[in-house]
Amino acid sequence: MTTFYWQWSRLVPARLLDAWEERIGALSGTTFSATLLPGGRSARLHLYASTERSLRGVTSRFGGTIIRRTLTTDLATGLIEFHLPIGDRLTLSSTPAGKDKAATAHLWIPAGMAFGTGQHATTALCLRRLADLIRPGSSGTLLDVGTGSGVLALAAARLGWKPDAFDNDPEAIREARRNAKRNGLSRAVRFQIASVETFVPTAPYDIVVANLFAALHEKFLPFFGNWCKPDGHLVLSGILTDQEESVRRAVLSAKLRIKRRWRSGKWICLLASPES
């Protein structure tokens, strides 16, 4: 059966790409992507939705055009593409790095994957925090909890750190390992099948990143705190705005303190650390 979907597109200056992502990247019922055009001065934004109605409000506010596409054909021909810059140090895209992308660290995550490409607002929030925390030339350790496609762990590896990652879904771990192989990082990340209750760290980590549902944060925050070094950081994402207060209470209950907060659309990301 042919599956149709709707695509909104607009051309914007590349220097405003981050601002546009913050503005529309987490709109309800849509998936965001962006492609940097040759020359690096312009970018084309895309929003994908299952119904045209989901995109009409975007067009009325921001202009752009809406077209209907065929999902089965686009997946088969590789026409669903994305290019997601994370600051000026890391780029995720649906294609392998070309010679023109050597200026930044690059991750190739094919589009259309079931376990995430990094485009979702919650993952993008985590990626930006990692790019801030992992300073150029630094070394450290990171744990990616519920890794999915492995994007966050692979980003840390690409930036020079030593990540561990786990997920309780065997297919997610298989996909994460395939992504590691695609990027030449098979030996750089230790992926394993585990749950929060069964995972055993070899040592505390400099950064623990968890992009999970709020209910899982509330349940497992004591584990995350124990896995983090006393001077380390916890990056907590996947939290809806109306869930933030309950997660904040869980953070304090786990004897952690909140250092910073970011918002992208309806999603919240918190930076926490063990109490000193």
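This text goes with the structure placed above it.
As a starting point, this report considers the structure included with it. Along each chain, numbering runs from 1 in the same order as the chain's sequence is written. Local features in this predicted model are restricted to residues of pLDDT 70 or higher, and side-chain atom pairs are both shown and tallied only at a pLDDT of 80 or more, whereas totals for entire chains, interfaces and linings draw on every residue. The basis for the side-chain values is all heavy atoms of the structure; hydrogens and waters are excluded.

1. Looking at empty space enclosed by the protein
- Only protein atoms enter the 1 Å grid used here. Points where a 1.4 Å probe fits but cannot escape make up a cavity, open sets with protein on both sides within 12 Å along at least five of seven lines make up a pocket, and a residue lines them when an atom lies within 4 Å of a point. Grid points are joined across faces, edges and corners, and a volume is the space filled by probe spheres set on the points. One pass over the structure, following the stated rule, counts one cavity of 30 Å³ or more.
- Roughly 50 Å³ of volume is contained in the largest cavity.
- Contributing to the lining of the largest cavity are Glu21, Glu22, Ala121, Ala124, Leu125, Arg128 and Ser264.
- Elements with a contribution of two residues or more to the lining of the largest cavity: α1 (17-24) and α4 (121-133).
- Any residue outside Ala, Val, Leu, Ile, Met, Phe, Trp, Tyr, Cys, Pro, Asp, Glu, Lys and Arg is labelled polar, Gly included; the first ten of those are nonpolar and the last four are charged. Counted by class, the lining of the largest cavity contains three nonpolar, one polar and three charged residues. In DSSP terms, a helix is any run of H or I states spanning at least four residues, a strand is any run of E spanning at least two, and both are numbered starting from the N terminus.

2. What about the pairing of strand β6 (residues 90-93)?
- Under the scheme applied here, a residue whose accessible area is under 20% of the maximum for its type counts as buried, over 50% as exposed, and between as partly exposed, the area being computed with a 1.4 Å probe on protein chains only. Judged by which residues are buried, β6 turns out to be covered on both faces: Leu90 and Leu92 on one side and Thr91 and Ser93 on the other are all buried.
- The rule for pairing is simple: two strands pair if DSSP sees at least two bridges between them. As judged from the four bridges shared by β6 and strand β7 (residues 105-108), these two strands associate in the parallel manner. Each residue of the ladder has a partner; that of Leu92, found in β7, is Leu107.

3. A short note on the packing of α4 against helix α5 (residues 151-158)
- Axes, fitted as lines to C-alpha atoms, cover a helix only where it is in contact. Angles between the N-to-C directions of the axes lie from 0 to 180 degrees. Packing of α4 against α5 leaves a shortest axis separation of 10 Å and a crossing angle of 20°. When the axis of α4 is compared with that of α5, the two are roughly parallel. As for how α4 packs across α5, the hand of that crossing is right-handed. Touching Thr123, Cys126, Leu127 and Leu130 of α4 are Val151, Leu152 and Ala155, all from α5.
- In terms of residue class, the contact of α4 with α5 is built from six nonpolar, one polar and no charged. Roughly parallel means an angle under 35 degrees; roughly antiparallel means over 145; roughly perpendicular covers 65 to 115; every other angle is labelled oblique. In this scheme the handedness of a crossing depends on how the near helix is turned from the far one: anticlockwise by less than a right angle means left-handed, clockwise means right-handed. Residue contacts are defined here by distance: any two heavy atoms, one from each residue, within 4.5 Å place the two residues in contact.

4. Some remarks on the nonpolar core
- Nonpolar cores are built from buried Ala, Val, Leu, Ile, Met, Phe, Trp, Tyr and Cys residues. Side-chain atoms within 4.5 Å join them into one set. If you look at the biggest cluster of nonpolar residues, it comprises 38 residues, and the most contacted ones within it are Leu90, Leu92, Leu127, Leu154 and Phe191.
- Of all the elements in the fold, those that place two or more residues in this core are β5 (83-86), β6, β7, α4, α5, α6 (170-182), β11 (205-211) and β14 (267-274).
- It is α5 that contributes the most residues to this core, seven residues altogether.
- Core analysis: the second largest hydrophobic core is formed by 27 residues, Leu143, Ala194, Phe220 and Val247 among them.

5. A word on helix α2 (residues 53-62)
- The complete set of buried residues in α2 reads Leu55, Val58 and Phe62. When α2 is viewed along its axis, its buried side chains cluster within an angular range of 50° and face the same direction. Residues of α2 that are exposed and point over 90 degrees away from its buried face: Arg53, Arg56 and Ser60.
- Of the residues trailing α2, Gly63 is marked for its positive phi of about 75°. By arc we mean the arc of the directions from the helix axis to the C-beta atoms, nothing more.

6. Details of the pairing of strand β12 (residues 228-240)
- Bridging between β11 and β12 involves six bridges; their strand directions are parallel. Residue pairing across strands places Val208 opposite Leu234, the latter belonging to β12.
- For crossovers, right-handed means that the path from the first strand over the helix to the second runs clockwise, given strands pointing away from the viewer. Read as a crossover between parallel neighbours, the route from β11 over helix α7 (residues 214-227) to β12 is right-handed.
- Across five bridges, the pairing between β12 and β14 is antiparallel. Counterpart to Leu240 in the pairing with β14 is Trp267.

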